[in-house]
Amino acid sequence: MNGRGPSHYRVGYGEDAHRLEPGPRLVLGGVDVPGAPRGPVAHSDGDALLHAVADAVLSAFALGDIGQHFPPGAAATSGKDSRDILRRALELVHARVPHAVVVNCAAVVTLDEPKLGDHRAAITASCARLLRMDPERFGLTFKTSEGLATDHVQARATVLFSLGD
Ligand code: C5P
Ligand code: MG
């Protein structure tokens, strides 16, 4: 750990799921994914990946979860751009630890269709920009559910923070 002890790091984990229906646009990591037969039903834009990442960010510092800071029924949450949710989560972290930086993030999106591989670079760049981190340290994995969970999109994310130099 470069001479730093484990107390120099914080790890967080988050996950999210949204039911899919014909109609809503599919947004993942702040990127519009074209050609999706169904999109997420949600109060916000239903970006399951950013919701999982934002929960991971909050959990690294035991700051609760996005439901506390963005209640699902609140008018301010309706149609909300989930990039703002992640930005706010990072603000809360920086209010607690000003020099905390994201070292590494690993995320998995489970969705049967459409295939997401063509969008990996755009989604990775968008997430990394929001997290203010090197995109080469953002690992993004796509999985199908093998037809076992076709009715929803699922995302999981782990984030590692360094508390600064
Ligand atoms: O779930 P499974 O292992 O069968 O997925 C095979 C591959 O398909 C994944 O490793 C991933 O590269 C890709 N995939 C994708 N978009 C999805 C689901 C999977 O590009 N929505
Ligand atoms: Mg969500």
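We now turn to the structure provided with this report. (Residues numbered from 1 in each chain as written. Chains lettered and ligands numbered in written order. Predicted model: local features only at pLDDT ≥ 70, side-chain atom pairs only at ≥ 80, totals over all residues. Heavy atoms only, no water.)

It is worth spelling out the nonpolar core at this point. Among the nonpolar cores identified, the biggest contains 47 residues, and Leu 28, Leu 49, Val 57, Val 109, Leu 131 and Phe 161 are the most heavily contacted of them. At ten residues, helix H1 (residues 48-60) tops the list of elements feeding residues into this core. Excluding residues that lie within four positions of it along the chain, Leu 28 makes contacts with Val 33, Asp 47, Leu 49, Val 109, Leu 111, Leu 116, Ile 123 and Val 153. (Core = buried A, V, L, I, M, F, W, Y, C linked by side-chain atoms within 4.5 Å. Buried < 20%, exposed > 50% of the residue type's maximum accessible area, 1.4 Å probe, protein only. Helix = DSSP H or I, 4+ residues; strand = E, 2+ residues; numbered from the N terminus. Contact = heavy atoms within 4.5 Å.)

The subject of this paragraph is the site of ligand 1. By nearness alone, every residue bordering ligand 1 is listed as Leu 111, Pro 114, Lys 115, Leu 116, Gly 117, Arg 120, Phe 142, Lys 143, Thr 144 and Glu 146. Lys 115 is positioned with one of its side-chain polar atoms (N or O) 3.5 Å from an oxygen atom of ligand 1. Here Lys 143 contributes a side-chain N or O atom positioned 2.7 Å from an oxygen atom of ligand 1. For ligand 1, whose free accessible area comes to 460 Å², the fraction covered by protein is 69%. Its residues assigned to classes, the shell around ligand 1 comprises four nonpolar, two polar and four charged. (Near = heavy atom within 4 Å. Polar contact = N/O pair within 3.5 Å; in protein donor to acceptor, adjacent residues only side chain to side chain. Areas by Shrake-Rupley, 256 points an atom, 1.4 Å probe, with all protein chains shown as cover. Nonpolar A, V, L, I, M, F, W, Y, C, P; charged D, E, K, R; others polar.)

This next bit is on the pairing of strand E1 (residues 9-21). The side chains of a regular strand alternate, first on one face of the sheet and then on the other. The sheet contact formed by E1 and strand E7 (residues 152-162) spans eleven bridges and is antiparallel. Residue pairing in the sheet places Gly 12 in a bridge with Val 159 of E7. In this structure, E1 lies alongside strand E4 (residues 39-40), joined through two bridges in antiparallel fashion. Among the inter-strand pairings, Leu 20 is bridged to a residue of E4, identified as Pro 40. (Pairing = 2+ DSSP bridges.)

So, on to the state of the cysteines. Counted under the stated rule, the structure contains zero disulfides. Take Cys 105: it sits in no disulfide, and the sulfur closest to it among the cysteines is that of Cys 127, at 7.2 Å. Cys 105 sits in the buried class, given a relative accessible area of 1%. (Disulfide = S-S within 2.5 Å.)

Next up on the list: the side chain of Thr 124. With respect to the element layout, Thr 124 can be found in helix H4 (residues 120-131). According to the relative accessible area criterion, Thr 124 is buried, its value standing at 11%. Apart from residues no more than four positions distant in its own chain, Thr 124 is found in contact with Pro 135, Phe 138 and Leu 140.

It is worth spelling out unusual backbone geometry at this point. Cis geometry marks the peptide bond from Glu 113 to Pro 114; its omega dihedral reads 5°. With respect to the element layout, Pro 114 can be found in the loop between strand E5 (101-110) and H4. Within the chain, Ala 62 stands out as a residue other than glycine whose phi angle is a positive 50°. For Ala 62, the location among the structural elements is in the loop between H1 and helix H2 (66-69). Given the relative accessible area of 67%, Ala 62 is considered exposed. The residue Arg 132 is not glycine, and still its phi comes out positive at about 55°. Following the sequence through the fold, Arg 132 ends up in the loop between H4 and strand E6 (138-143). Residue Arg 132 is classed as exposed on the basis of its relative accessible area of 64%.

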